[in-house]
Amino acid sequence: MIRVLRIELRRSNVPVVALSVFLVSALVLGLTFREWLRDWSQLAEMTEQAVGLTAALAAAGGAVLGRREKRSRADELFAGTGRPAWQKVAPTAGALSIGLVAVQGLILAAALVLVRVNASYQSYSAVWQLGPDLAVLAGAGLLGLAAGRAWSSAFVAPGLAAGLVLVQVVFSASGVPHPLSFFNSGASTWTRLADEVVLGRAALGAGLLVAGILLAASRNWAVRGLGAGALVAGVAAALVITPVQRFEVDPAARRLVCSEGAPQVCVTAVHAYALADTTRQAREALGHLSQLPDAPQRAIELNYDPVAAGLTDTSTSTLPWDTTPDVAPGTMQFELVLKDGAATDPDLMRSMVSGAGASLNGCRLDDPRPLAVAGAWLTDAPTFEPISPYLRDMPFPIPTPPEEMQAIGAAVAKLRALPHQQQVQRVSEFREALRACRTKGLMDILIAPGPA
Amino acid sequence: MITGWIPLYVRSRGVLLALLAALAVIAGIWLLAAEHGAIDERLAVITTGAAMMLAGPTLGTFDQALESTAAMPWPPRRALHLILFALLIAAVLAGIGYAPGWVVLRNCLGLAGLVGIGAALVGVRYGWVPALLWTAPQALFHSQGGPVPQQVLFWLDQPAASTAAIVTAAVLFGLGVSFYARRGGPPVSAAESALPS
Amino acid sequence: MRAIRADELQPTTNPWAIESQDLKVRAGKYLAVRGLSLNLGSGVHGLLGPNGAGKTTLMRTLATVIKPHQGQLRLLGTAADDRRGLRPLRRRLGYLPQNFGYYPKFTVRDYVEYLAWLREMPAAAVPGAAQRVIERVGLADRADAKLKSLSGGMLRRAGVAQAIVNDPDLLLLDEPTVGLDPEQRVQFRELLREIGQDSCVLVSTHLVEDVVAACSDVLVMDQGLLVFQGRPADLVDRGRHPDGVGDSPAERGYSALLRQHRSAS
């Protein structure tokens, strides 16, 4: 058996199938490397997508392998040998499963190790997901094998592959997250993969695996019926168990991790790896802000319950407007944008002084220019690039036109032309207006002629 | 009147089966998912991809070596085979209303080229894999517009006006059809040549 | 070491390896073997007959690939419809189909070992047995070459190697000499004689001279019936009949036999 298994591993199409699974998985995870390197939820999302694609390949590869016996007319020769049918299939099915699981397991395990090493906050549901993911992949391969054995047509392999992708597209196109979809997004910064998702995937994987084994190995209709039953049961269980909201809020991910010394700067546990640089920039910003009376003594990273905020996907612009931030007096919030897993947010200090440290107040601010004027005044800069609160995480930032920069510079000059005490008074008043969510006429507060 | 080699050619490659399967997929998806005479663009892309992938297994026959010895000039027939399959699928897709005619035509011809490249390079059994691997992400992560490389990558998703998509499809079509027409498939050893594709 | 099963120790009470009584076998809807009674013991038996005589259908039946439609068939003492006896019986069979299938990417050794495993040889014996039969058919230098790289004759010899890897008590070879060059055919006959000393070998062929040279016994089939069974010398004797056409006495005997049978029926 071991000998025959080795022959199958080397001489069947298993190496080709395994190589293509490797390439597709490596491509998916390689292209998104920076997104998941420090983030378990992102990793869970990407591995799901990789498995969703490679399962289609595995099924097609299995179908080609299953068709081999009839295509090469070896069935005539094999029919006169004594091994029971299930034993004849065992090395082939074994080689396919081993090839698929080994290759995909290797890539996923490497990714898990990378995240374990690089993430500040550990959430192990993505690790448990490894088993079900591999079961789904091997199960898809074995079902393909069974299909190829049942219908030895050249159309089975492309039909299966296209069909599996088609089903996933149907789920995506329906717009509602589907429990069986492998292409749901929904991870956000402070979430973890729900345990029920792992359970649901485990049910699906077990169903596919059992069905694949029984359908490939037996010619007995009762056993085949059992296999079909296992498939239906697995899919049904997955449908029932898997929640629509696949990522759940994890309070541990939002726990604040704070720097030593004063003033205190805190980030959420997910971003603890960026604490050092954040502290440096935040203290610099707090220093600038201390020019105003009643200045904040402490800065914490903006955080909120992403589900309560209706935030299901970090890549959309559904942002937590209209939620009043829950901060103690003397503490200000900042938004930490760590692009591509970097340990530093290059614009953090500027975003903190923009709007005199009061821009993340839950109000919708349509005009970021007055915020920039306050930022320029605080940092003694001639002009200041406007920063829209909550919108810093845009994939393609639009540069500010030079005439707008000039207009902001002119406004700053106007503010600076006032007596110093009035300058401080006006900026303070501007800050109070922001805190109270009075978002109209902000520029007037800063530079309108007459007494403030 | 259809005479001579055409019925034999069609039968030897299972073209009718492939067309029937493709039509079943196209009609099935439409009945299942179309609303108010229109269908989700992602579904249109994957349905086009699936239908054209089914052309893959028809690009070879029982005995490649035997056919290559025949006196018939194969290249024009092979080219015609790919083009006609694509045009037929495109006509059905456009007729039902999957997408505007030009988009469907561009996508079907481009995919025909991709399937042809696959068949010529790796043979009939796996010739459809490149088409699958390029169609799947375009259907799943549907993306329109953006910089030119992105439009090329997502050429199936682009609207009719996108030059990048047209050029991509044209290049694929030209390469695939000429490559497949000339080569047919990778060389097959004597011992293997009598096995069906 | 392995445990020896009771059925292996049981003496073969029946001297015949193949024993059939009024055997009828269908090939599709067509009755290809129409009442065949036959007793064959050890030795090399040549099966001759024109195309469509039912030779391949008979071989497939004897190889337990298809089931008889009617009549009795015992192989190595086991009734062919005895479902529990089938598995031990198949361990003692060797079979080379006419269009024998193989996986092009397997090497000769892989192929022979794979079939040895399918015939349920003890795992420890497989590598040695495979090497032995590969040497016996003269493919030792190509043992690790892929099957798709072999010529027709080499491929046929690889097929023979897999058929004899388990030292079968009943060896069925359907047109094994196709594609062999004259020298290889001489060697192959030698191999057949060796195996025939203690096994029953049934060789289906169109080559009359192969039968005369290598077989201890000749069977001629036509239209699903057995028309002749005897020694090769008897066939040669028939060649003196004026009906016979052919280049050798055996060929003339064969064609005379068929003519007589056809005119009688």
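Residues numbered from 1 in each chain as written. Chains lettered and ligands numbered in written order. Predicted model: local features only at pLDDT ≥ 70, side-chain atom pairs only at ≥ 80, totals over all residues. Heavy atoms only, no water.

### Some points on the overall build of chain A
- Secondary structure summary: chain A contains 18 helices and six strands in total.
- Its C-alpha atoms give chain A a radius of gyration of 29 Å, clearly above 22 Å, the size a compact globule of 452 residues would have.
- Its C-alpha atoms give chain A principal-axis dimensions of about 105 × 40 × 35 Å.
- Buried positions account for 56% of the 452 residues belonging to chain A.
- Look at the contacts in chain A between residues 6 or more apart in sequence, and 75% of them connect residues 24 or more apart.
- With the model as given, the accessible surface of chain A reaches about 18600 Å², and the carbon-plus-sulfur share is 63%. (Helix = DSSP H or I, 4+ residues; strand = E, 2+ residues; numbered from the N terminus. Rg over C-alpha atoms; globule rule 2.2 N^0.38 Å. Buried < 20%, exposed > 50% of the residue type's maximum accessible area, 1.4 Å probe, protein only. Contact = heavy atoms within 4.5 Å. Areas by Shrake-Rupley, 256 points an atom, 1.4 Å probe, with all protein chains shown as cover.)

### Some points on the domain arrangement of chain A
All names here are of chain A.
- For chain A, the assigned domains are domain 1 (2-250) and domain 2 (255-447).
- Centre-to-centre separation of domain 1 and domain 2, based on C-alpha positions: 46 Å.
- Listed by partner, the interface residues are 14 residues for domain 1 and 20 residues for domain 2.
- In this assembly, domain 1 and domain 2 are joined by zero salt bridges. (Domains from an automatic or database assignment. Salt bridge = Lys/Arg side-chain N within 4 Å of Asp/Glu carboxyl O.)

### What to know about the confidence of the model for chain B
- For chain B, per-residue confidence averages 84 on the pLDDT scale, and residues scoring 70 or more make up 87% of the total.
- Confidence scores differ between elements of chain B, with helix α4 (residues 64-68) of chain B showing the lowest mean pLDDT of 59 and helix α6 (residues 101-122) of chain B the highest of 93. (pLDDT = per-residue confidence, 0-100.)

### Quick word on the UniProt feature "transmembrane region" (unreviewed entry) in chain B
- As recorded in UniProt, the feature "transmembrane region" (unreviewed entry) lies at residues 15-34, 43-62, 82-101, 108-128 and 160-181 of chain B.
- Counting secondary structure, residues 160-181 of chain B comes out at 86% helix and 0% strand; the distance between its end C-alpha atoms is 28 Å. (UniProt positions renumbered as here; feature names shortened; annotations may be inferred.)

### Details of the sheet that holds strand β7 (residues 170-174) of chain C
Residue and element names in this part refer to chain C.
- What the six strands build is an open sheet, ordered β6-β7-β8-β3-β9-β10; its pairing is mixed. Each having just a single partner strand, β6 (93-96) and β10 (225-230) make up the two edges of the open sheet. Across this sheet, the average inter-strand angle for adjacent strands is 15 degrees, counted without regard to direction.
- Where strand β9 (residues 217-222) and β10 come together, five bridges link them in antiparallel fashion. Paired with D222 across the two strands is L225, which belongs to β10.
- Here helix α6 (residues 152-164) sits on the sheet and contacts β6 and β7; the angle it forms with β6, its principal contact strand, is near 165 degrees. (Pairing = 2+ DSSP bridges. Axes fitted to C-alpha atoms, helices over the stretch in contact; angles between N-to-C directions.)

### A few points about unusual backbone geometry
- Here A:A262 and A:P263 are connected by a cis peptide whose omega angle stands at -10 degrees.
- Within the fold, A:P263 resides in the loop between β3 (256-258) and β4 (264-268).
- Positive phi, close to 45 degrees, is recorded for C:D167, a residue that is not glycine.
- Position of C:D167 relative to the elements: it lies in the loop between α6 and β7.

### Structural notes on the interface of chain C and chain A
- Each partner contributes residues to the interface: chain C has 30 residues there, and chain A has 24 residues.
- Buried area between chain C and chain A, summed over both chains or domains, comes out near 2700 Å², and the portion from carbon and sulfur atoms is 60%.
- On the chain C side of the contact with chain A, C:Y103, C:W117 and C:L118 bury the most area, a combined 28% of that side's loss.
- Inspection of the region where chain C meets chain A yields three salt bridges. (Buried area = accessible area lost by both parts, 1.4 Å probe.)

### Structural notes on the side chain of A:S359
- Residue placement: A:S359 occurs in the loop between α14 (348-353) and α15 (369-379).
- When residues no more than four places from it in sequence are discounted, the contact partners of A:S359 are A:S351, A:S354, A:L365, A:L371, A:P389 and A:L434.

### A look at a positive patch on the surface
- A surface patch of like charges, here positive, comprises A:R6, A:R10, B:R125, C:K105 and C:K146.
- Within the secondary structure layout, B:R125 lies in the loop between α6 and α7 (129-140). (Patch = residues over 30% accessible without salt bridge, like charges linked within 9 Å, V, L, I, M, F, W, Y side chains within 5 Å. Lys, Arg positive; Asp, Glu negative; His and termini not counted. Charge placed at Lys NZ, Arg CZ, Asp CG, Glu CD.)

### Observations regarding a nonpolar patch on the surface
All names here are of chain A.
- A cluster of nonpolar side chains, namely L199, L239, V240 and I241, defines an oily patch on the protein surface of about 370 Å² accessible area.
- The greatest single-element share of the nonpolar patch, amounting to three residues, is contributed by helix α11 (residues 221-241).
- Tracing the backbone through its elements, the reader meets V240 in helix α11.
- By relative accessible area, which is 70% here, V240 ends up exposed.

### Focus on the sheet that holds strand β6 (residues 331-334) of chain A
All names here are of chain A.
- Reading across from one edge, β3-β4-β5-β6 is the order of the four strands in this open sheet, with mixed pairing throughout. Of all strands in the sheet, those bounded by a partner on one side alone are β3 and β6. Between one strand axis and the next, the sheet turns by 25 degrees as a mean value, whatever way the strands run.
- Pairing between β3 and β4: three bridges, direction antiparallel. In the strand pairing of β4, V257 is matched with V267.
- Helix-sheet contacts for helix α13 (residues 275-289) involve β3, β4, β5 (298-301) and β6, and the interaxial angle to β4 is about 135 degrees.

### Some details on the packing of helix α4 (residues 108-118) of chain C against helix α5 (residues 126-136) of chain C
All names here are of chain C.
- The interhelical angle for the contact between α4 and α5, taken along N-to-C directions, is 125 degrees, at an axis separation of 9 Å. Judged by the inter-axis angle, α4 sits oblique to α5. Between α4 and α5 lies a crossing of right-handed hand. Taken together, the residues of α5 that come into contact with α4 (itself represented by V108, R109, V112, E113 and A116) are V126, P127, A130, Q131, V133 and I134.
- Broken down by class, the residue content of the contact of α4 with α5 amounts to eight nonpolar, one polar and two charged. (Parallel < 35°, antiparallel > 145°, perpendicular 65-115°, else oblique. Left-handed = near helix turned anticlockwise from the far one by under 90°. Nonpolar A, V, L, I, M, F, W, Y, C, P; charged D, E, K, R; others polar.)

### Describing the state of the cysteines
- All chains considered together, the criterion is met by one disulfide over all chains.
- The disulfide partner of A:C258 is A:C266, and the S-S distance across this bridge is 2.0 Å. Taking the torsion about the sulfur-sulfur bond, which here is approximately 105 degrees, the covalent link between A:C258 and A:C266 counts as right-handed.
- Under the relative-accessibility criterion, A:C266 is labelled buried at 0%.
- Free of any disulfide, C:C200 has its nearest cysteine sulfur in C:C215, 11 Å distant.
- Residue C:C200 is classed as buried on the basis of its relative accessible area of 1%. (Disulfide = S-S within 2.5 Å.)

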